[in-house]
Amino acid sequence: MLARLRHIPLPTLAAAAVVLMGTALALIFFYAPLDADQGLSQKIFYIHVPIALTAYACFGWGAAKAFLHLWKRSPGADLESYAAIHQGVIFGALTLITGSIWARVSWGIWWTWSSNQLVTFLILFLFYSAYFMLRYSVEPGPARANMCAVYALFGVVLIPISWLSIRIANDYIHPTVFTRHGPQMSGSMFLAFCVSWAALLASAGTMYRVELAGKRLDERLRELRELLA
Amino acid sequence: MSASEKYVAAAYLVLFVAVLIWVAIIASKLARLERDAGELTELARRRLEREPEPEPERDEVGV
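All residue numbers refer to position in the chain's written sequence, counted from 1. Note on labels: chains are lettered from A, ligands numbered from 1, in written order. Restriction of local features to residues with pLDDT of at least 70 applies here, the model being predicted, together with a cutoff of 80 or more for giving and counting side-chain atom pairs; totals for whole chains, interfaces and linings are based on all residues.

**Student:** Residues and numbers for the interface of chain A and chain B, please.
**Tutor:** As a measure of interface size, the accessible area lost when the parts come together is often cited. Any two residues are considered in contact once their C-beta atoms, placed from the backbone, lie within 7 Å. Residue-level contacts link 23 residues of chain A with 21 residues of chain B. Looking at the side of chain A that touches chain B, the elements that each hand over two or more residues are α4 (77-107) and α8 (187-228) of chain A. Note on conventions: DSSP H or I runs of at least 4 residues are helices, E runs of at least 2 residues are strands, and numbering of each starts at the N terminus. Sort the elements by how many residues they give to the side of chain A that touches chain B and α8 of chain A lands first, with 9 residues. Residues were grouped as follows: Ala, Val, Leu, Ile, Met, Phe, Trp, Tyr, Cys and Pro as nonpolar; Asp, Glu, Lys and Arg as charged; and all remaining residues, including Gly, as polar. Here the side of chain A that touches chain B is composed, by residue class, of 15 nonpolar, 4 polar and 4 charged.

**Student:** Help me get a handle on helix α1 (residues 3-50) of chain B, residues and values and all.
**Tutor:** All names here are of chain B. Expected span of a helix, by definition, is 1.5 Å for each gap between consecutive residues, and there is one gap fewer than residues. When the terminal C-alpha atoms of α1 are compared, their 70 Å separation across 48 residues agrees well with the 70 Å that a helix rising 1.5 Å per residue should span. Whether a residue is buried, exposed or partly exposed follows from its count of other C-beta atoms within 10 Å of its own C-beta, namely 20 or more, 12 or fewer, or something in between, respectively; the C-beta atoms are built from the backbone. Counting buried positions along α1 gives 3 out of 48 residues, so the element sits mostly on the surface. Among the residues making up α1, those that are buried are Y7, V8 and A11.

**Student:** So what's going on with the environment of Q38 of chain A? Residues and values would help.
**Tutor:** Residues and elements named next belong to chain A. As for its placement among the helices and strands, Q38 is situated in the loop between α2 (10-31) and α3 (45-72). Accessibility expressed as a C-beta count within 10 Å gives 16 for Q38, which makes it partly exposed. Residues Q38 and S106 lie 68 residues apart in sequence; the distance between their C-alpha atoms is 7.3 Å.

**Student:** An account of the environment of E211 of chain A is requested, with residue identities and associated values reported.
**Tutor:** Residues and elements named next belong to chain A. Tracing the backbone shows E211 in helix α8. We classify E211 as buried; it has 21 C-beta atoms within 10 Å. Sequence spacing of E211 and E80 is 131 residues, and the spatial spacing of their C-alpha atoms is 9.5 Å. Setting aside residues up to four positions removed in sequence, E211 forms contacts with A83 and H86.

**Student:** So what's going on with the nonpolar core? Which residues, and what values?
**Tutor:** Under the definition applied here, buried Ala, Val, Leu, Ile, Met, Phe, Trp, Tyr and Cys residues are grouped into a nonpolar core through C-beta atoms within 7 Å. The biggest cluster of nonpolar side chains holds 56 residues, and the ones touching the most others in it are C58, I85 and A192 of chain A. Mapped onto this core, the elements with two or more residues apiece are α2, α3, α4, α5 (116-137), α6 (142-155) and α8 of chain A together with α1 of chain B. The contact partners of C58 of chain A, leaving out residues within four places of it in the chain, are A84, Q87, G88, F91 and A204 of chain A.

**Student:** Summarise the confidence of the model for chain B; cite the residues concerned and give the values.
**Tutor:** The predictor reports its confidence for every residue as pLDDT, a score running from 0 up to 100. Summarising the model, chain B shows a mean pLDDT of 86, and 81% of its residues fall at 70 or more. Overall fold confidence (pTM) sits at 0.86, and the ipTM for the predicted complex is 0.83.

**Student:** Break down the confidence of the model for chain A for me, with residues and values.
**Tutor:** When pLDDT is averaged along chain A, the result is 89; 93% of the residues meet or exceed 70. At the low end of the mean pLDDT range in chain A sits helix α1 (residues 2-6) of chain A, at 67; at the high end sits α2 of chain A, at 95.

**Student:** Give me unusual backbone geometry: which residues, what numbers.
**Tutor:** Backbone phi values are negative for most residues with the exception of glycine, while trans is the configuration of most peptide bonds. Even without a glycine there, the phi angle at R73 of chain A is positive, about 55 degrees. Inspection of the secondary structure puts R73 of chain A in the loop between α3 and α4.

Dropping the structure here:
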């Protein structure tokens, strides 16, 4: 299925992202009911959680590409891993910002160190932010590609830890919406959530493909410059 | 505007601003790539002008 997604033309993917985002906003503000407990502030959930899940997906995709680089030496896998991790860091930063805003309105604080979910996500974000320090401190070449791939693979271990931390450690501060019994919300809320997540995944996919195309073009121009020099 | 409304607006605005910043960064990168491509095209054109194209080989036709 992922291989098929790769063949979707970029303009189609971008258009899908725009349509899905518009639909998601309409569903969030005009279809999904107000939460009985949190009221309007619960609307942040519809972007905060999908952004966080998209960040996980980007880091996972980056790690998968890193694995392909190490295993099959797939050409371009290193660059694809880099672009995916870059998107992951962007969505990770957005997760922390939107989460912080939600925490302020719900708990009265911007941040708490007592929530395992928050701390593990911050560790995951900082770990992948440091990926760029590693990448830009080593000369381009096979050694850098291998080092970055190993680093990206180590980081992926943090994803299930971050995801499961609230379930394992009885985190009473951070709410748990998805339990073993399914999503703890009404059908209309779940529909708005799913469309919002699809919109963010399509946006991340578009951004990933645009960034990748730019990087590839940059590489080819550099090669051309060397040939003409 | 209530406090909740302000925070919800801020959260959605963050996403919107992030997308705008990303578009601005990509636009600047694209402008640089366009400039680089222009320089390389100019370089290739000058090189072609300096080195005339080799004469195509002709088969001698005996009389």
